[in-house]
Amino acid sequence: MPRPILTMSFQSPRLLSVLAVLVALPFAGCRRDEAQLPVHPVTGKITFDGQAPAGAQIVLHPQGGPATEVKVAPLGTVRTDGTFKISTYGDGDGAPAGEYAATVQWFKVETGEGGSGRGPNVLPGKYASAEATPIKISVKAGINEVPPITIVR
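Draft legend 1. Region of interest: the nonpolar core. The biggest cluster of nonpolar side chains holds 25 residues, and the ones touching the most others in it are Ile46, Ile58, Leu60, Val104 and Ile151. Of all the secondary-structure elements, those providing two or more residues to this core are strand E1 (42-48), strand E2 (57-62), strand E5 (98-105), strand E8 (136-139) and strand E10 (149-151). In this view, Leu60 contacts Ala73, Pro74, Ile86, Ala95, Tyr100, Ala101, Ala102 and Ile137; residues no more than four positions away in its chain are not counted.

As structure tokens, then:
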């Protein structure tokens, strides 16, 4: 029976060490949490013309401070009851302390001949612009409950 030209035994400690170094090398010096800022829970409730805009996206745009330097974009999705939790690095973890302009966009799903897809933003346009939005949110250390946000046409 012919012998294989090259055999690898994973029982060899030296071979395992070399493989471990080769696998770890691309990740050397990369720590996910090095540039992460401390975050604080942020929750709130929003309505549009008296109803919960379920599925609307809320994005916090830093207005100076450390969050601007690290370039974070905390965001949340409105639930069916109108509540939302802001996330920066993980689900519902919150946002770094600072001042923010909050944009809100709600794209209703349209169904038609070609199937379903995202329709236009149904909220007034000023809420989609960080420069024009009237919604300002201040995040402090600790738990942050945003006062109710009411959007009308």
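Draft legend 2. Main features of the environment of Arg118. Mapped onto the secondary structure, Arg118 falls in strand E7 (residues 115-121). Apart from the residues lying within four places of it in its own chain, the contact partners of Arg118 are Phe107 and Lys108.

Draft legend 3. Focus on the pattern of salt bridges. As enumerated under the stated definition, the model contains 2 salt bridges in all. Of the charged contacts, one joins Arg153 and Asp49 as a salt bridge, the two residues approaching to 2.8 Å between their closest N and O atoms. Residue Arg153 is located in the segment after E10, and its partner Asp49 is located in the loop between E1 and E2; the two are separated by 104 residues in the primary sequence. Judged by its relative accessible area of 73%, Arg153 falls in the exposed class. Asp49 gets classed as partly exposed once you look at its relative accessible area, which sits at 38%. Salt-bridge contacts for Glu99 lead to Lys140; the nearest nitrogen and oxygen are separated by 3.9 Å. Of this pair, Glu99 sits in strand E5 while Lys140 sits in the loop between E8 and strand E9 (144-145); the two residues are 41 residues apart in sequence, bridging distant segments of the chain. Among the residues examined, Glu99 registers a relative accessible area of 43% and is labelled partly exposed.

Conventions used here
- Residues numbered from 1 in each chain as written.
- Predicted model: local features only at pLDDT ≥ 70, side-chain atom pairs only at ≥ 80, totals over all residues.
- Heavy atoms only, no water.
- Core = buried A, V, L, I, M, F, W, Y, C linked by side-chain atoms within 4.5 Å.
- Buried < 20%, exposed > 50% of the residue type's maximum accessible area, 1.4 Å probe, protein only.
- Helix = DSSP H or I, 4+ residues; strand = E, 2+ residues; numbered from the N terminus.
- Contact = heavy atoms within 4.5 Å.
- Salt bridge = Lys/Arg side-chain N within 4 Å of Asp/Glu carboxyl O.

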